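Results of the structural survey
These are the residues of each chain, in order.
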Amino acid sequence: MIAILGAMPEEITPLLDALKDYEEIRYANNVFYLAKFKDKELVIAYSKIGKVNAALTATIMIEKFKAQKLLFTGVAGALNENLKIKDMLYAESLVQHDLDITAFGHPHGFVPGTSIFMKSDGNLNVLATKIAKQKGINLKSGIIATGDQFICEQSKKDWIKNTFKADATEMEGASVALVCESLNVPFFILRAISDEAGGGAEFDFDEFLQSSANISADFILSMIEEL
Ligand code: SAH
């Protein structure tokens, strides 16, 4: 079983539209879609926005639906100026930018018993790079900083970028990484850029959410074919 997770309906609808045939299972205030694609069993869901929702949904996909790999598809705000709207990147590592017990002398993003950065699965990243090459897609990679905030302010954007050397920011990736790492499930986090996380990012987000979500979902489907 392979899990495909998004945060919002717009991020998984392109997949459900492409698969056409699926079964719906209601569980934990959410809907899980079971489907088959090229003989592969899939469980698909959108978690709803934010770290807790994403962690809950990822856990259910693994513990209840027995997912052995998890692929995240969605959109993010760019921090690195080389990333433009509609560009795609996967996370090599992820960090929770809003996790803060610095009052006790700890670095940002750290709590005892964890590491600041979580690394995604090398094999899935290599596969993604290979597919991107075959398709002539300019797939980038980097650090994704996750927090329960929509970033749309230059000073906040700069702080996250400089503190964690992060390339993109969103609201779910690092929590999914933590769940998958803890449960030994290889994971891949893909994001297409919807906005640049500075002033007015909410307007770009609204304009580019669907087109960027489609770009990400398309790529995830081509990865599933090769898994
Ligand atoms: N318009 C939505 C809210 C979107 S929140 C509503 O009203 O319901 C932004 C979502 O896209 C999150 O799931 C997050 O992961 C991602 N995202 C895209 N750009 C972002 C940014 N600049 N900062 C944080 N998250 C961003």
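Keep in mind that this is a model prediction, so the values were computed, not measured. (Residues numbered from 1 in each chain as written. Predicted model: local features only at pLDDT ≥ 70, side-chain atom pairs only at ≥ 80, totals over all residues. Heavy atoms only, no water.)

1. Let's talk about the overall build of the protein
In plain terms, the rule: The helix count covers DSSP runs of H or I at least four residues long, the strand count covers runs of E at least two residues long, and both are numbered beginning at the N terminus. Atoms counted for the radius of gyration: C-alpha only. Globule rule: 2.2 Å times the number of residues to the power 0.38. For every residue, the accessible area (1.4 Å probe, protein chains only) is compared with the maximum for its type, and the residue is labelled buried under 20%, exposed over 50%, or partly exposed between those bounds. Residue contacts follow a heavy-atom distance rule, with two residues in contact if any of their heavy atoms lie within 4.5 Å. For every accessible area listed, the method is Shrake-Rupley and the probe measures 1.4 Å; residues are considered covered only by the protein chains on display. Residues scored as positive are Lys and Arg, those scored as negative are Asp and Glu, and His as well as the terminal groups of each chain are ignored. Every charge is mapped to an atom, namely NZ of Lys, CZ of Arg, CG of Asp or CD of Glu.
A count of helical and extended segments in the protein gives six helices and ten strands. The C-alpha radius of gyration computed for the protein amounts to 16 Å, which stays within 12% of the reference 17 Å derived for 227 residues, consistent with globular compactness. Taken along its principal axes, the extent of the C-alpha atoms in the protein is 50 × 35 × 30 Å. Burial statistics for the protein: of 227 residues in total, 52% are counted as buried. Pairs at least 24 apart in sequence give 78% of the contacts found in the protein among residues at least 6 apart. As presented, the protein carries roughly 10200 Å² of accessible surface, and 51% of it is formed by carbon and sulfur atoms. Across the protein, the mean location of the 22 positive side-chain charges is 5 Å away from that of the 31 negative side-chain charges.

2. A closer look at the pattern of salt bridges
Side chains that carry opposite charge are capable of pairing whenever their charged atoms lie near each other. As a reminder, the rule being used: A carboxyl oxygen of Asp or Glu within 4 Å of a side-chain nitrogen of Lys or Arg is what we treat as a salt bridge.
Taken as a whole and assessed by the stated rule, the structure comprises eight salt bridges. Its salt-bridge partner being K51, residue D98 comes within 2.7 Å of it at the nearest N-O pair. With D98 in the loop between strand 6 (88-96) and strand 7 (118-119) and K51 in helix 2 (residues 51-63), the pair connects residues that are 47 residues apart, well separated along the chain. Residue class for D98 comes out partly exposed when judged on its relative accessible area of 26%.

3. Some points on the site of the ligand
Put simply, the rule is: A cutoff of 4 Å decides nearness: a residue is near a molecule or strand if any of its heavy atoms lies inside that distance of it. Polar contact criterion, stated in full: a pair of N or O atoms within 3.5 Å, where within protein one must be able to donate a hydrogen and the other to accept it, and residues adjacent in sequence count only if both atoms are side-chain atoms.
Close to the ligand lie 18 residues, the nearest being I151, M171, E172, D195 and F205. Backbone polar atom of G77 to a nitrogen atom of the ligand: 3.3 Å apart, as the coordinates give it. In the model, a nitrogen atom of the ligand is placed 2.9 Å from a nitrogen or oxygen of the I151 main chain. Protein contacts shield 76% of the accessible area of the ligand, which totals 570 Å² for the unbound molecule. Taken together, the elements giving at least two residues each to the shell around the ligand come down to strand 5 (69-78), strand 9 (168-170) and strand 10 (187-195).

4. Examining helix 3 (residues 122-135)
Quick note on the threshold: Here the expected length of a helix is defined as 1.5 Å per residue gap, with one fewer gap than residues. Note: the arc covers the axis-to-C-beta directions of the helix.
With 14 residues, helix 3 ought to run about 20 Å at 1.5 Å a step, and its terminal C-alpha atoms sit 20 Å apart, in line with that. By the burial criterion, the buried members of helix 3 are L124, N125, L127, A128, I131 and A132. Along the axis of helix 3, the buried residues cluster in a sector spanning 160°; they form a single face. Projecting away from the buried face of helix 3 at angles above 90 degrees are the exposed residues N123, V126, K133 and Q134. If you follow the buried residues of helix 3, they end up packed against strand 5, strand 6, strand 8 (139-146), strand 10 and helix 6 (201-226). Where helix 3 begins, the side chain of D121 points an oxygen toward the backbone nitrogen of N123, at a separation of 3.3 Å. Of the residues flanking the end of helix 3, it is G136, one or two places downstream, whose phi is positive at about 65°.

5. Regarding the nonpolar core
The condition that has to hold: Residue types Ala, Val, Leu, Ile, Met, Phe, Trp, Tyr and Cys, when buried and joined through side-chain atoms within 4.5 Å, form a set referred to as a nonpolar core.
Counting residues in hydrophobic clusters, the biggest one holds 39 residues, and the most contacted among them are M61, L70, L94, V176 and I189. Other than its neighbours up to four places away in sequence, I189 contacts F72, L89, Y90, A91, L94, I144, E170, G173 and V176. Counting 30 residues, the second largest nonpolar core, distinct from the first, contains L15, Y33, L71 and F219.

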